[in-house]
Amino acid sequence: MHIDEWLQAIPVGWLYATVALVIGLESLGIPLPGEIVLVSAAILSAKGVVSPVWVGVCASVGAIVGDSAGYAVGRKGGRPLFERLGRRFPKHFGPRHVRRAETYFERFGVWAVFVGRFVALLRILAGPLAGALRMPYWKFAVANVLGGIVWAGGTTTVIFYLGLVAEKWLKGMSWAALAVAVAFGIATTLYLKRRAASALDESDLKGVVRGPVDV
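Residues numbered from 1 in each chain as written. Predicted model: local features only at pLDDT ≥ 70, side-chain atom pairs only at ≥ 80, totals over all residues. Heavy atoms only, no water.

Colleague: What is the right way to look at the confidence of the model for the protein in this model?
Modeller: Detailed reading of the predicted coordinates is not advisable wherever pLDDT falls low. Across the protein, the average pLDDT comes to 76, with 66% of residues at 70 or higher. Confidence, read as mean pLDDT per element, is least for helix α10 (residues 175-203) in the protein (55) and greatest for helix α2 (residues 12-28) (92). Between residues 205-213, whose pLDDT stays under 50, and residues either more than four places distant or in other chains, the model counts 19 contacts. (pLDDT = per-residue confidence, 0-100. Helix = DSSP H or I, 4+ residues; strand = E, 2+ residues; numbered from the N terminus. Contact = heavy atoms within 4.5 Å.)

Take a look at the structure:
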């Protein structure tokens, strides 16, 4: 069963809670498919199953609260926390992943928290890493709130309206045209992922941030 089918099978109230919980846990630092859950819920809102407003609100709350909790955990655990996580979960918290995230913090400071909401790697690491690097909380909070609202609300809005448009197109679209559209979408997604990975590789810096972040 796909995520959207599973979400559609549960009561509406629980669906909103699931969106907030999954995104919150992902923002806390647990590698869960928060973005997939958000997109699936937004698609259901385009179908009239749920309210797009409540999807956006619950996703925003989950993102903000989760990142704040991640900040607290990172501030208390410090760098040793990432070293332990790196040994247990090398695919998500390995030295290379943490070093890339630190590179963003070194280059962009507090903006890394805002932009991190839109990047899979930083979406998991931004909160805990900001705490571990002792970023001033008020600066983190501003970037966290703005990033959470823009990411969750913007994603929900875009998917909602694209879903409405797509539904109209699909009514008069042939199967051949649909296949071409799907193939194009997959090819574009793969290309963008490769470009993003390449950009991350180029942005790696030698060494690791050692001191606190204060921008």
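Picking up where we left off.
Colleague: Can you help me understand the nonpolar core in this one?
Modeller: Proteins that are soluble and globular tend to have nonpolar side chains buried together. Counting 18 residues, the largest nonpolar core has Leu15, Val19 and Ile23 as the members making the most contacts within it. For this core, the elements supplying multiple residues, two or more each, are α2, α3 (34-46), α4 (52-88) and α9 (137-171). With 5 residues, the single largest contributor to this core is α2. Ranked by size, the runner-up nonpolar core spans 17 residues in total, among them Ala101, Val113, Leu121 and Ala126. (Core = buried A, V, L, I, M, F, W, Y, C linked by side-chain atoms within 4.5 Å. Buried < 20%, exposed > 50% of the residue type's maximum accessible area, 1.4 Å probe, protein only.)

Colleague: Hey, could you run me through the packing of α2 against α3 in this one?
Modeller: When two helices pack together, their arrangement is captured by the angle between the axes and the distance separating the axes. The N-to-C vectors of α2 and α3 enclose an angle of 155 degrees; their axes lie 8 Å apart at closest approach. Here α3 runs roughly antiparallel to α2, going by the angle between their axes. Read as a crossing pair, α2 and α3 show a hand that is left-handed. Where α2 abuts α3, its residues Leu15, Val19, Val22, Ile23 and Glu26 lie against Gly34, Glu35, Val37, Leu38, Ala41 and Leu44. Residues that form the contact of α2 with α3 fall into these classes: 8 nonpolar, 1 polar and 2 charged. (Axes fitted to C-alpha atoms, helices over the stretch in contact; angles between N-to-C directions. Parallel < 35°, antiparallel > 145°, perpendicular 65-115°, else oblique. Left-handed = near helix turned anticlockwise from the far one by under 90°. Nonpolar A, V, L, I, M, F, W, Y, C, P; charged D, E, K, R; others polar.)

Colleague: Please explain the environment of Lys47 as it appears in this structure.
Modeller: By the element assignment, Lys47 lies in the loop between α3 and α4. Take Lys47: its relative accessible area is 53%, and that puts it in the exposed class. Taking the C-alpha atoms as reference points, Lys47 and Phe160, 113 residues apart in sequence, are found 8.6 Å from one another.

Colleague: Help me understand the packing of aromatic side chains, please; the structure alone is not making it clear to me.
Modeller: Between two aromatic rings, the relevant description is the distance of the centres plus the angle of the planes. Throughout the structure, instances matching the rule amount to 7 aromatic pairs. Consider the rings of Tyr16 and Trp54, whose centres lie 6.5 Å apart with planes at 45 degrees: the pair is tilted. Of this pair, Tyr16 sits in helix α2 while Trp54 sits in helix α4, and the two are 38 residues apart along the sequence. On the numbers, 6.0 Å between centres and 40 degrees between planes, the contact of Tyr137 with Phe140 is tilted. Of the two residues, Tyr137 and Phe140 are both situated in helix α9; the distance of 3 residues between them amounts to about one turn of the helix. Residue class for Tyr137 comes out partly exposed when judged on its relative accessible area of 43%. Residue class for Phe140 comes out buried when judged on its relative accessible area of 0%. (Phe/Tyr/Trp six-rings, centres within 6.5 Å; stacked < 30°, edge-to-face > 60°.)

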